[in-house]
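Structure at a glance
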Amino acid sequence: MSSEIVLEHDVLTALREGGLKTPRFTVLERPEEASDVPFDPPYTVKLLHPGVAHRARVGAIYTAVPSKERLERRVAELLERWPDAVGVIVQEHLDVVKGIEAFLGIKEDDTFGTVVLLGLGGKLVEELRAYIVRRPPVDGEDVERGLRRVPGGERLLSEIGPNRLAEVVNAAHGVYKEEGWSELDVNPLLLIDGEAIALDGLARKAD
C-alpha cells in the first residue's frame with residue numbers, strides 16, 4: 001500500500017491543535033521572508049522536502065542560528081540546494097541538553113493493529129531500540145511499568161510523570177486517528193520540567 005508523506009509543519013500544526021506542546025514555528029518560502037519571522041532568535045532551521053526524510057544526514061538542518069541576518073543566509077543556502085523544496089521551517093531554538101529526548105511513534109501492525117512506541121529519542125532510537133510497544137490508549141501505570149524495564153526509561157520518568165506522559169501519548173493517538181495517518185514519528189519529543197514538547201514530526205497517510 002502506498003502512502004503520502006505529511007511534512008513537519010503540517011504534523012506539528014495538527015499535534016498542537018490536538019493539545020500537544022510544540023515550539024513556535026513558521027514556514028518560509030523565500031530568504032527575504034526571514035525578517036518577518038515573528039519571534040526572536042536563536043532559531044532552528046530545517047528543510048521541508050518530501051524526498052529528504054533524514055535531513056541531518058545531508059546537512060539540511062541548522063541549529064542555534066543567532067540572528068535574522070544569519071537566518072536569511074541559511075534559508076537561501078537550503079533553497080539553493082533544494083530548489084524544488086516546499087520551503088523551510090523555522091522554529092524557536094530549544095536547548096535539548098536541559099531535558100531528555102524521547103521518541104514517540106504510532107503505526108499499524110499486521111497482528112495487533114495500531115501500536116504506540118515510546119522510549120529514548122534523538123540519535124539513540126536506531127542504535128538502542130530502547131522503547132516499549134503498547135496498544136493505545138495507555139495509562140500512567142502501564143507506561144511507568146514498561147519504561148522501568150527498558151534502557152533509559154528511568155531517565156524519561158525523571159523528567160515527566162507517567163500519568164502526564166500517558167496523556168501526551170493518548171493525545172497524539174487522537175490526532176493520529178483524526179488525521180487518518182498510518183504512521184507517526186515524533187523525534188525528538190523533548191521532556192523537560194514535567195512537560196513534553198514535540199520538536200519534530202513526520203507522518204504518513206495511506207492512499
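Here, every reference points to the structure presented above.
Quick caveat, the model's predicted, so the values are computed rather than measured. (Residues numbered from 1 in each chain as written. Predicted model: local features only at pLDDT ≥ 70, side-chain atom pairs only at ≥ 80, totals over all residues. Heavy atoms only, no water.)

Structural notes on the layout of surface pockets
Summary: where empty space remains is shown by rolling a probe the size of a single water molecule over the atoms. Roughly 1500 Å³ of internal volume is contained in the largest pocket. Along the wall of the largest pocket there are 48 residues; nearest its centre are His-54, Gly-122, Asn-187, Pro-188 and Asp-200. For the lining of the largest pocket, the elements supplying multiple residues, two or more each, are strand S3 (43-48), strand S4 (61-65), strand S5 (87-92), strand S6 (100-109), helix H3 (124-128), strand S9 (181-192) and strand S11 (202-206). (1 Å grid on protein atoms, 1.4 Å probe; cavity = no way out; pocket = protein on both sides within 12 Å on 5 of 7 lines; lining within 4 Å. Points joined across faces, edges and corners; volume = space filled by probe spheres on them. Helix = DSSP H or I, 4+ residues; strand = E, 2+ residues; numbered from the N terminus.)

What to know about empty space enclosed by the protein
This model, assessed by the stated rule, comprises one cavity of 30 Å³ or more. In this structure, the largest cavity occupies an estimated 40 Å³ of space. Taken together, Val-116, Leu-118, Ile-132, Arg-134, Val-138, Val-143 and Val-169 make up the lining of the largest cavity. Taken together, the elements giving at least two residues each to the lining of the largest cavity come down to strand S7 (113-120) and strand S8 (131-134). For the lining of the largest cavity, a count of residues per class yields six nonpolar, no polar and one charged. (Nonpolar A, V, L, I, M, F, W, Y, C, P; charged D, E, K, R; others polar.)

Quick look at the sheet that holds S4
One open sheet accounts for four strands, arranged S2-S5-S3-S4; its pairing is antiparallel. Pairing within the sheet leaves two strands with one partner each, and these edge strands are strand S2 (25-28) and S4. Averaged over all pairs of adjacent strands, the angle between strand axes in this sheet comes to 20°, irrespective of strand direction. Where S3 lies against S4, three bridges are found, and the strand directions are antiparallel. If you follow Lys-46 over to S4, its bridge partner there is Ile-61. Strands S2, S3, S4 and S5 of the sheet are contacted by helix H2 (residues 68-81), whose axis makes an angle of about 15° with S3. (Pairing = 2+ DSSP bridges. Axes fitted to C-alpha atoms, helices over the stretch in contact; angles between N-to-C directions. Contact = heavy atoms within 4.5 Å.)

Some thoughts on the pattern of salt bridges
Going through the model one piece at a time under the given rule, you end up with 15 salt bridges. For Lys-46, the salt bridge goes to Glu-8, with nearest N and O atoms at 2.6 Å. In this pair, Lys-46 is assigned in strand S3 and Glu-8 in helix H1 (residues 8-17), connecting sequence segments 38 residues apart. Both residues of the pair, Lys-46 and Glu-8, belong to the buried class. Among the ionic pairs, Asp-142 bridges to Arg-145, the shortest N-O distance being 3.2 Å. Taken as a pair, Asp-142 and Arg-145 lie in helix H4 (residues 140-147) at a separation of three residues, close to a single helical turn. (Salt bridge = Lys/Arg side-chain N within 4 Å of Asp/Glu carboxyl O. Buried < 20%, exposed > 50% of the residue type's maximum accessible area, 1.4 Å probe, protein only.)

A few points about the pairing of S5
Counting buried positions along S5 gives six out of six residues, so the element sits mostly inside the fold. Of the two faces of S5, the one carrying Gly-87, Ile-89 and Gln-91 and the one carrying Val-88, Val-90 and Glu-92 are both buried. As judged from the four bridges shared by S2 and S5, these two strands associate in the antiparallel manner. Bridging from a neighbouring strand, Val-27 pairs with Ile-89 of S5. Relative to S5, S3 is paired through six bridges, and the arrangement is antiparallel. For Leu-48, the partnering residue across the bridge sits in S5 and is Gly-87.

Any functional reading would require information that these geometric values do not contain.
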